[in-house]
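# Survey of secondary and tertiary structure
Take a look at the letters that make up each chain.
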Protein chains: 2
Amino acid sequence: MPEQMRHIVLASRPTGAPNDENFRLETSDLPEIGDGEVLVRNHYMSLDPYMRGRMDDAKSYAAPVPIGGTMEGGAVGEVIASNSPAFATGDFVFGMLGWSTHGKAKAHELRKLDPNIAPITTALGVLGMPGFTGWYGLTELGKPKAGETLVVAAATGPVGSMVGQVAKLHGLNVVGIAGGADKCAMATDVYGFDACVDHRAFESARDLRAALKEHCPKGIDIYFENVGGKVLDAVLPMMNPFGRIPLCGMIAWYNAGGLGADAATEAITGPRLWRTILVNFLSVNGFIISNHFDRYPDFLRDVGPQIAAGKIAFVEDIAEGIESAPAAFRALLSGGNKGKQLVKVI
Amino acid sequence: MPEQMRHIVLASRPTGAPNDENFRLETSDLPEIGDGEVLVRNHYMSLDPYMRGRMDDAKSYAAPVPIGGTMEGGAVGEVIASNSPAFATGDFVFGMLGWSTHGKAKAHELRKLDPNIAPITTALGVLGMPGFTGWYGLTELGKPKAGETLVVAAATGPVGSMVGQVAKLHGLNVVGIAGGADKCAMATDVYGFDACVDHRAFESARDLRAALKEHCPKGIDIYFENVGGKVLDAVLPMMNPFGRIPLCGMIAWYNAGGLGADAATEAITGPRLWRTILVNFLSVNGFIISNHFDRYPDFLRDVGPQIAAGKIAFVEDIAEGIESAPAAFRALLSGGNKGKQLVKVI
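Just so it is clear, the model here is predicted, and its values are computed rather than measured.

About the criteria used
Residues numbered from 1 in each chain as written. Chains lettered and ligands numbered in written order. Predicted model: local features only at pLDDT ≥ 70, side-chain atom pairs only at ≥ 80, totals over all residues. Domains from an automatic or database assignment. Contact = placed C-beta atoms within 7 Å. Helix = DSSP H or I, 4+ residues; strand = E, 2+ residues; numbered from the N terminus. Nonpolar A, V, L, I, M, F, W, Y, C, P; charged D, E, K, R; others polar. Pairing = 2+ DSSP bridges. Axes fitted to C-alpha atoms, helices over the stretch in contact; angles between N-to-C directions. Core = buried A, V, L, I, M, F, W, Y, C linked by C-beta atoms within 7 Å. Buried ≥ 20, exposed ≤ 12 C-beta atoms within 10 Å, placed from the backbone. Parallel < 35°, antiparallel > 145°, perpendicular 65-115°, else oblique.

### Points about the domain arrangement of chain A
One frequently used descriptor of interface size is the decrease in accessible area upon assembly of the parts. Residues and elements named next belong to chain A. Splitting chain A by domain gives domain 1 (4–125 + 315–344) and domain 2 (129–289). Taken together, the contact pairs 18 residues of domain 1 with 16 residues of domain 2. The element best represented in the side of domain 1 that touches domain 2 is helix H1 (residues 50–54), accounting for 3 residues. Here the residues of the side of domain 1 that touches domain 2 are counted per class, giving 7 nonpolar, 6 polar and 5 charged.

### Looking at the sheet that holds strand S10 (residues 195–198) of chain B
Ordered by their spatial adjacency, 12 strands build an open sheet running S10(A)-S9(A)-S8(A)-S11(A)-S12(A)-S13(A)-S13(B)-S12(B)-S11(B)-S8(B)-S9(B)-S10(B), and the pairing between neighbours is mixed. In this open sheet, the two edge strands, each paired with only one partner strand, are strand S10 (195–198) of chain A together with S10 of chain B. In this sheet, adjacent strand axes meet at a mean angle of 15° when their direction is disregarded. In this structure, strand S9 (residues 173–178) of chain B lies alongside S10(B), joined through 4 bridges in parallel fashion. From the neighbouring strand, B:Gly176 faces S10(B), where its bridge partner is B:Cys196.

### Observations concerning the nonpolar core
Across soluble globular proteins, nonpolar side chains show a tendency to be buried alongside one another. In this structure, A:Val151, A:Val343, B:Val151 and B:Val343 are the most contacted members of the largest nonpolar core, which totals 210 residues. Once residues within four sequence positions are removed from consideration, B:Val151 is found in contact with B:Val175, B:Ile177, B:Leu212, B:Cys216, B:Ile220, B:Tyr223 and B:Val235.

### Re the interface of chain B and chain A
Facing the 31 residues of chain B at the interface are 31 residues of chain A. Elements represented by at least two residues in the side of chain B that touches chain A include exactly helix H9 (270–279) and strand S13 (283–286) of chain B. The element contributing the most residues to the side of chain B that touches chain A is H9(B), with 9 residues. Partitioned by chemical class, the residues of the side of chain B that touches chain A number 17 nonpolar, 12 polar and 2 charged.

### Quick notes on the packing of helix H2 (residues 129–142) of chain A against helix H9 (residues 296–308) of chain A
Residue and element names in this part refer to chain A. Two elements in contact, H2 and H9, have axes whose closest approach is 10 Å; the angle formed by their N-to-C orientations is 90°. Between H2 and H9, the interaxial angle falls into the category roughly perpendicular. Contacts between H2 and H9 involve Gly131, Phe132, Trp135 and Tyr136 on the former and, on the latter, Tyr296, Phe299, Asp302 and Val303. When grouped by side-chain class, the residues that make up the contact of H2 with H9 number 6 nonpolar, 1 polar and 1 charged.

Below, the structure written as C-alpha cells:
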C-alpha cells in the first residue's frame with residue numbers, strides 16, 4: 001500500500017475559542033508534483049497565534065483558510081521527490097506546507113536548511129518567522145536606546161523572548177509579562193529579563209499596572225505589542241513621551257475576531273487610544289514580517305552569532321503527532337505552552 | 001491715566017463646549033519688565049483648537065491654564081518697552097503672549113518679524129504653528145508619494161489647507177473634508193484640492209464613507225488626522241496597506257475632554273482601531289509641532305517661496321476686539337470660522 005498523507009482541515013469557523021469540531025483529520029493520497037515542484041515529508045510543523053485569524057472570514061492581510069481546506073502554516077521536513085534541479089531527495093527544507101504530514105511546493109517557495117548549522121526546528125522559531133518578527137519589530141520600529149525601558153508580553157514565547165533578549169543586548173531595562181510564575185521564572189532565568197510580571201496574579205489592569213510600575217520606575221519607552229486586552233490597558237498610561245509601539249499581534253482579542261469585548265476592552269475606547277498616542281507623541285506601527293523578507297539576511301547575520309555564542313536562548317515545546325495539533329493550538333491561545341510550540345509530525 | 005492691559009482669564013473649567021461663564025475679561029496695570037524682558041502691545045492674537053485642551057485639568061503635554069490665569073496663546077505685536085539689546089521699541093514680534101492686549105516675555109521667547117516680507121498675521125497662521133504643523137506632519141510623518149491619495153479634515157483650516165496644498169505639490173490626489181458647501185468650494189477653488197466632501201451632508205459615518213469612496217477610488221494612503229469622531233470612523237476601513245496617519249488633533253472629541261462618546265466614538269473601539277493598524281500595517285504618529293522647532297527654518301525655506309509665488313494660498317478670519325475671543329473660540333470649535341481664526345486686539 002502506497003504511503004498516504006494525513007492533514008488537518010478547517011471543518012467549520014470557530015466562534016470564540018476553537019474546539020475539536022472546527023477541525024478534521026483527513027487522509028489522502030500523496031499529491032502528484034508538476035514541473036519545478038517538490039514533495040516534502042514534514043518532520044515538524046509550527047503553531048502560531050496568527051493562525052487564529054486565518055480561521056475567521058474577515059478582511060485581513062491574508063485570505064481566510066476555506067472551509068474544508070488544509071490549515072496553513074510553516075513546516076520543516078525532508079524532500080522525498082523533486083522535479084526541480086534546486087532540490088534533491090534528502091534535502092531539508094522550510095516551507096508553508098500546512099498542518100500536514102506532507103506538502104508540495106514550488107521550488108522558489110522553499111528554503112534549504114543545513115541541519116549541521118542549526119537544528120531544523122529552529123527554522124520555525126528562533127531563526128524563523130517568530131524570531132525574525134521580534135528582531136525586526138524591535139530594531140526597526142522600536143528603535144531601542146540604551147537606558148530605556150521595554151515591556152513585552154507573552155515574554156516566553158518565541159517572539160517575546162527574542163524581543164527581550166535583543167533589547168538586553170541593546171542595554172535596555174527589559175520587563176516581561178507572562179502567564180504564571182513558572183513562565184516568569186523562565187523569562188528572568190533563561191532569557192535574562194530584568195523582571196517579569198505574572199498577569200494572572202492580577203485581576204484588574206490597574207493592579208497589573210501597579211506591579212509593572214515597580215519595575216518601570218521611569219515609565220515605558222517601548223511597548224512591543226502582541227496581546228492587546230488587559231495588558232494594553234495596563235501599559236497605556238505608562239507610556240513615556242516619544243514612546244514606540246511596534247504592533248504585530250493582539251492575541252487576547254483573537255478569539256473574538258479581533259473585536260472582542262471584555263472589561264479591559266471597554267476601557268480601551270478609540271478616543272482613549274487616540275488621545276494617548278497624541279499627547280505622548282507615540283509612534284504605533286502595525287507590521288507583519290512577511291512584508292520584510294528582504295531583511296532576513298540582516299537578521300541571520302545579527303542574531304545567528306548571538307545564538308551560537310549562547311547569548312540568545314530559545315526553548316521549544318513539542319507536541320507529538322499531527323493529531324495533537326488542534327489541542328496544542330488551543331493551549332497556545334490560552335498560554336498553556338512554554339516556548340515555541342511545534343508539532344512533531346513523524 | 002496710564003495705559004492699562006485687558007486680558008481674558010479662565011474663570012472656570014468648561015464641561016463640554018465652553019460658554020461665556022468660563023471666561024472673564026479683566027483689566028490690570030501693565031506689568032513691570034525685568035532685566036532681559038520685553039513688553040509687547042499685541043496687534044493680533046491666535047485662536048487654535050489645542051487651547052480647548054488647556055482648559056481641562058487632565059494630564060497632557062502641557063499643564064492646564066490655572067483658574068484665574070490668562071488664557072495662553074500665540075500673538076503678534078509691537079515692542080513698546082525693552083530691557084534687552086535684542087529688541088527695540090517698534091520691533092514687530094511673535095510670542096506666546098496670551099489672550100491679552102499686552103504681554104511681557106524674555107527676549108529668547110520672542111521671534112522678530114519683518115512686516116516687509118509678509119504680513120505679521122501670517123506668523124500666526126500659514127507661516128506659523130498651524131502651517132508648520134501641516135507641513136511637518138505631512139512631509140515627515142505622512143511621507144507623501146506622487147499618485148497616492150490623501151484625506152484631510154478641517155480642510156479649509158490653517159493646518160488642513162497647508163496639508164492639502166503641499167500634498168498637491170507632491171503630486172497626490174487630495175480629498176478634503178469640511179463642514180458646509182461654502183467651505184468645500186473654498187477647498188477646491190482657493191486651495192486646489194481635487195475634491196472636498198461636506199461632512200454635514202451625511203448623518204452617518206457609512207454615508208460619509210460612501211461619498212469619500214467616489215473621490216478615493218484607490219483607497220487612502222495618508223489620513224492626516226486632526227478631528228477624530230465621525231470622520232475617523234468613515235476613513236478607517238478605507239486605509240490602504242502601509243498607510244500613514246499623522247495625528248495632531250482630535251477636535252471632534254475635545255469638548256468631551258478627549259474621551260467623548262457619540263455614535264461614531266462607540267463604533268471606534270480600541271480593538272477595532274488596533275486591528276486596523278495591525279492588518280493594514282499602518283503607521284500612526286502623534287506629534288505636536290513645538291517638539292520640532294529645529295525644523296522651522298526648513299519649513300520656511302520650503303514653503304516661503306511657494307507662498308510668494310502664489311502656489312500656496314491662505315485665508316484669515318479676523319474677529320474684532322479682544323472681548324470677541326470667547327465667542328470666536330466657540331465658533332472655531334464648531335467650525336463656524338473660515339480660514340485661520342485671529343482676533344484683532346487693537
